[in-house]
Amino acid sequence: MGCSCAKKRQQYEVVADGGKGKVLYSSPSKPTSEAVARRYAGSIVREKAKEEGAATAEKKAAPR
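If you trace the three strands from one edge of the open sheet to the other, you get S2-S1-S3, paired in antiparallel fashion. Bordering the open sheet on either side are strand S2 (23–27) and strand S3 (44–47), each of which pairs with just one other strand. Sheet twist, expressed as the mean angle between neighbouring strand axes with direction ignored, is 25°. Bridge analysis of strand S1 (residues 12–15) against S3 gives four bridges, and the strand direction is antiparallel. Bridged to Glu13 within S3 is Arg46.

Dropping the structure here:
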């Protein structure tokens, strides 16, 4: 069974067309993502959005 620590780690994405295109690369390392972004004209580095399933599960588990 694999480690679940990657779920909580910050991820960075390299996105084409100034953030409007497809995701070209994803990594937990911001410097590596920035280096990859330099290879693609017009691409940007952004923080990957957290999984909605995890946020929904936390809301359901919270006492009311």
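Now for the pairing of S1. Taking every second residue as pointing to the same face, both faces of S1 are buried, with Tyr12 and Val14 on one and Glu13 and Val15 on the other. Strand direction decides the pairing type here: S1 and S2, joined by four bridges, are antiparallel. Each bridged residue has a counterpart across the sheet, and for Glu13 the counterpart in S2 is Ser26.

With that out of the way, let us pick up the pattern of salt bridges. Two side chains with opposite charge may pair up if their charged atoms get near one another. Under the defined criterion, the tally for this structure stands at one salt bridge. A salt bridge links Arg46 to Glu13, with the nearest nitrogen and oxygen atoms 2.9 Å apart. Of this pair, Arg46 sits in strand S3 while Glu13 sits in strand S1, and the two are 33 residues apart along the sequence.

For Gln11, the position within the fold is in the segment before S1. Here the side chain of Gln11 touches Ser26 through a polar contact of 3.5 Å, side chain to side chain. Every residue in contact with Gln11, bar those within four places of it in the chain, is listed here: Ser26, Ser27, Pro28, Arg46, Glu47 and Lys48.

Here is what the cut-offs are and how they apply
Residues numbered from 1 in each chain as written. Predicted model: local features only at pLDDT ≥ 70, side-chain atom pairs only at ≥ 80, totals over all residues. Heavy atoms only, no water. Pairing = 2+ DSSP bridges. Helix = DSSP H or I, 4+ residues; strand = E, 2+ residues; numbered from the N terminus. Axes fitted to C-alpha atoms, helices over the stretch in contact; angles between N-to-C directions. Buried < 20%, exposed > 50% of the residue type's maximum accessible area, 1.4 Å probe, protein only. Salt bridge = Lys/Arg side-chain N within 4 Å of Asp/Glu carboxyl O. Polar contact = N/O pair within 3.5 Å; in protein donor to acceptor, adjacent residues only side chain to side chain. Contact = heavy atoms within 4.5 Å.

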